[in-house]
Amino acid sequence: MSDNPNDTRINKVNTRMLKTMYESLQNNPSAMTTATFYVKSNWNGGFGVTSSSKNFSLGGRTMERNTEYKMDYDFPIQFSGEGSGPTVCEVCMGSVAACLIQTIGVHATSRGILIDSINVDVEGDVNLRGFTGIDSSVRPGAQQFRVNLNINSNTASKEQIDELYEIGKKFSPAFDTLTNGTSVVMVGSE
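The rules behind these values
- Residues numbered from 1 in each chain as written.
- Predicted model: local features only at pLDDT ≥ 70, side-chain atom pairs only at ≥ 80, totals over all residues.
- Heavy atoms only, no water.
- Helix = DSSP H or I, 4+ residues; strand = E, 2+ residues; numbered from the N terminus.
- Buried < 20%, exposed > 50% of the residue type's maximum accessible area, 1.4 Å probe, protein only.
- Contact = heavy atoms within 4.5 Å.
- Areas by Shrake-Rupley, 256 points an atom, 1.4 Å probe, with all protein chains shown as cover.
- Lys, Arg positive; Asp, Glu negative; His and termini not counted.
- Charge placed at Lys NZ, Arg CZ, Asp CG, Glu CD.
- Salt bridge = Lys/Arg side-chain N within 4 Å of Asp/Glu carboxyl O.
- Polar contact = N/O pair within 3.5 Å; in protein donor to acceptor, adjacent residues only side chain to side chain.

Peer 1: Is there a simple way to explain the overall build of the protein chain in this structure?
Peer 2: Of regular secondary structure, the protein chain possesses five helices and ten strands. Taken along its principal axes, the extent of the C-alpha atoms in the protein chain is 60 × 40 × 30 Å. Relative to its 190 residues, the protein chain shows a buried fraction of 22%. Of the contacts formed within the protein chain by residues at least 6 apart in sequence, a portion of 47% connects residues at least 24 apart. Per element, the accessible surface of the protein chain, about 13600 Å² overall, is 51% carbon and sulfur. Both charge centroids of the protein chain, one from 16 positive and one from 20 negative side chains, sit 6 Å from each other.

So this is what it looks like as structure tokens:
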């Protein structure tokens, strides 16, 4: 925390902006309930894929970003890829870890809990016989993700840390999506 009285950051989060967001969600739920994100993906040949995202919409209004974010995926050389990026499964694992961290960070900050570090290690198993279609009785998706989450704070009580663990599982959008599933609709091509 800073000695500057005008600095409103906790855990490197702008608490004024966070408070404004919470108040907007509470006072105008219909105006800001849904954030819609857009990702475009293109095949680069072989097993390489580049995905990009830039703008998103909030409550039906377009929110513009100055930067377009790109993500590159590939298969490892051992799977006939070029090894030019992580696999989609690794990115999915990283996404659930990042979402848990962000969720815990938001809730810790809104409660005034100072966090020293949050570390998440994820392991995941994919049975390649399912992905390749060699065995139709095996799911092509990951069989299990094992998440090891550690929250460290020199000032928070054990009860506060335990509550943050539960909050992460309860409110993380990625954790919820993976554990409860989501609807995926194929809408055709342009």
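So, next bit.
Peer 1: What's the story with the environment of Asp135 in this structure? I'm lost.
Peer 2: For Asp135, the location among the structural elements is in the loop between helix 3 (128–131) and strand 10 (142–152). Residue classification places Asp135 among the partly exposed residues on the basis of a relative accessible area of 22%. In this structure, the C-alpha to C-alpha distance between Asp135 and Val49, residues 86 residues apart in sequence, is 26 Å. When near neighbours in sequence (up to four residues on either side) are disregarded, Asp135 contacts Arg129 and Gly130.

Peer 1: Any chance you could explain the pattern of salt bridges here in plain terms?
Peer 2: In a structure, side chains of opposite charge can pair up when their charged atoms sit close to one another. Counted under the stated rule, the structure contains six salt bridges. Among the salt bridges present, the one from Arg146 reaches Asp125, with a minimum N-O distance of 2.7 Å. Here Arg146, found in strand 10, pairs with Asp125, found in strand 9 (residues 117–126); they are 21 residues apart in sequence, far enough to count as distant. Judged by relative accessible area, which is 31%, Arg146 ranks as partly exposed. By relative accessible area, Asp125 is classed as partly exposed at 34%.

Peer 1: Could you clarify how one ought to interpret the side chain of Thr50 in this entry?
Peer 2: With respect to the helices and strands, Thr50 occurs in strand 5 (residues 49–53). Reaching out from Thr50, the side chain makes a polar contact with the side chain of Asp72 at a distance of 2.5 Å. Apart from the residues lying within four places of it in its own chain, the contact partners of Thr50 are Lys40, Ser41, Asn42, Asn44, Lys70, Met71 and Asp72.

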